[in-house]
Amino acid sequence: MFSKVQDGVRSVGREEGSTAFQLLLPGAPPSPRTRPAVRIITRLSAWFFGVPCRDVYTSLVTQIKTWKTAAGCAHGGEKCLYQLESANVHFIKAKHTTPVKRYVDDLSFRLVPYQLNAHCHVSALSVSEAWYTVIDYGTNYCNLFNLVEGSGLTSVSDYKEVTNDFICTQHSTANCSIY
């Protein structure tokens, strides 16, 4: 593990060249060089589903399209304003815009079949585009989980979520009925 400070930015990673995250230090002037590096990343270690990846793919893409407009946020929460960027049975890329402050988060889902294609393992990632979003109250986690839950995938056979606060920022305190 290494930690270094350069130009007011602390970089932390397992080895030089593979930075896990970077934080702007207090009093350090933000510059165009440092802004893109300061992004909150939520990574969900794993979801396992007892259905083929084609079914998971169809469910997630359908849910993203269903929550495209602001209508889903009419009664609170953030189950709206999703935009599909690209999709195939192995990879889904989308964006989510928060309804109040209009923050944009980049979402990706990687779908990998296992057990002779009868089951699907999904790794997901949500990254805030706003460089200053360090504490997100679980919003990035909820961006991902809301799609899985809304699509009905939490009730398929052999559903399992494997994550924790270390790999998924503020997972334990996330309130996905709000975010």
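Everything here concerns the structure above.
Residues numbered from 1 in each chain as written. Predicted model: local features only at pLDDT ≥ 70, side-chain atom pairs only at ≥ 80, totals over all residues. Heavy atoms only, no water.

1. Considerations on the overall build of the chain
Here's step 1: Helix and strand counts for the chain come out as two helices and nine strands.
Here's step 2: Contacts in the chain between residues at least 24 apart in sequence constitute 54% of all its contacts with a sequence separation of at least 6.
Here's step 3: Carbon and sulfur atoms make up 55% of the accessible area of the chain, which amounts to about 9,800 Å² in all. (Helix = DSSP H or I, 4+ residues; strand = E, 2+ residues; numbered from the N terminus. Contact = heavy atoms within 4.5 Å. Areas by Shrake-Rupley, 256 points an atom, 1.4 Å probe, with all protein chains shown as cover.)

2. Notes on the state of the cysteines
Here's step 1: Tallied over the full model, the rule gives three disulfides.
Here's step 2: The residue that forms a disulfide with cysteine 53 is cysteine 120, at a sulfur-sulfur distance of 2.2 Å. Around the S-S axis, the bridge from cysteine 53 to cysteine 120 shows a dihedral of about 100 degrees and counts as right-handed. Of this pair, cysteine 53 sits in helix α1 (residues 53–66) while cysteine 120 sits in strand β8 (residues 119–128), and the two are 67 residues apart along the sequence.
Here's step 3: A relative accessible area of 0% means that cysteine 120 is categorised as buried.
Here's step 4: Across the disulfide, cysteine 73 is cross-linked to cysteine 80 (sulfur-sulfur distance 1.6 Å). (Disulfide = S-S within 2.5 Å. Buried < 20%, exposed > 50% of the residue type's maximum accessible area, 1.4 Å probe, protein only.)

3. Thoughts on the pairing of strand β6 (residues 91–97)
Put simply, side chains in a regular strand alternate between the two faces of the sheet.
Here's step 1: Residues Ile92, Ala94 and His96 line the buried face of β6, whereas the alternating positions Phe91, Lys93, Lys95 and Thr97 sit on a face that is not buried.
Here's step 2: With antiparallel pairing between neighbouring strands as the criterion, strand β5 (residues 82–88) and β6 make up a hairpin whose turn holds two residues.
Here's step 3: Sheet topology places β6 next to strand β7 (residues 104–114); seven bridges connect them, and they run antiparallel. Bridge pairing in β7 links lysine 95 to aspartate 106.
Here's step 4: In this structure, the hairpin formed by β6 and β7 is closed by a connection of six residues, where arginine 102 is found at a positive phi of approximately 65 degrees. (Pairing = 2+ DSSP bridges.)

4. Points about helix α2 (residues 139–150)
Structurally, the α-helix is built with 3.6 residues per turn, so residues lying three or four positions apart point the same way.
Here's step 1: Taking 1.5 Å per residue as the helical rise, α2 with its 12 residues ought to reach 16 Å, and the 16 Å between its terminal C-alpha atoms agrees with that figure.
Here's step 2: Of all 12 residues in α2, 10 are buried, a share of seventy percent or more.
Here's step 3: Buried within α2 we find Thr139, Asn140, Tyr141, Cys142, Asn143, Leu144, Phe145, Asn146, Leu147 and Val148.
Here's step 4: Backbone geometry just downstream of α2 places glycine 152 in the positive-phi region, at approximately 85 degrees. (Expected span 1.5 Å × (residues − 1).)

5. Some words on the pattern of salt bridges
Here's step 1: Scanning all chains against the criterion turns up two salt bridges.
Here's step 2: Here lysine 95 ties to glutamate 129 by a salt bridge, and the two come within 2.6 Å at their closest N and O atoms. Taken together, the positions of lysine 95 in strand β6 and glutamate 129 in the loop between β8 and α2 put the pair 34 residues apart, joining distant regions of the chain.
Here's step 3: Since its relative accessible area comes to 35%, glutamate 129 is described here as partly exposed.
Here's step 4: Here the salt bridges do not stand alone but share partners, grouping Lys95, Asp106 and Glu129 into one network. (Salt bridge = Lys/Arg side-chain N within 4 Å of Asp/Glu carboxyl O.)

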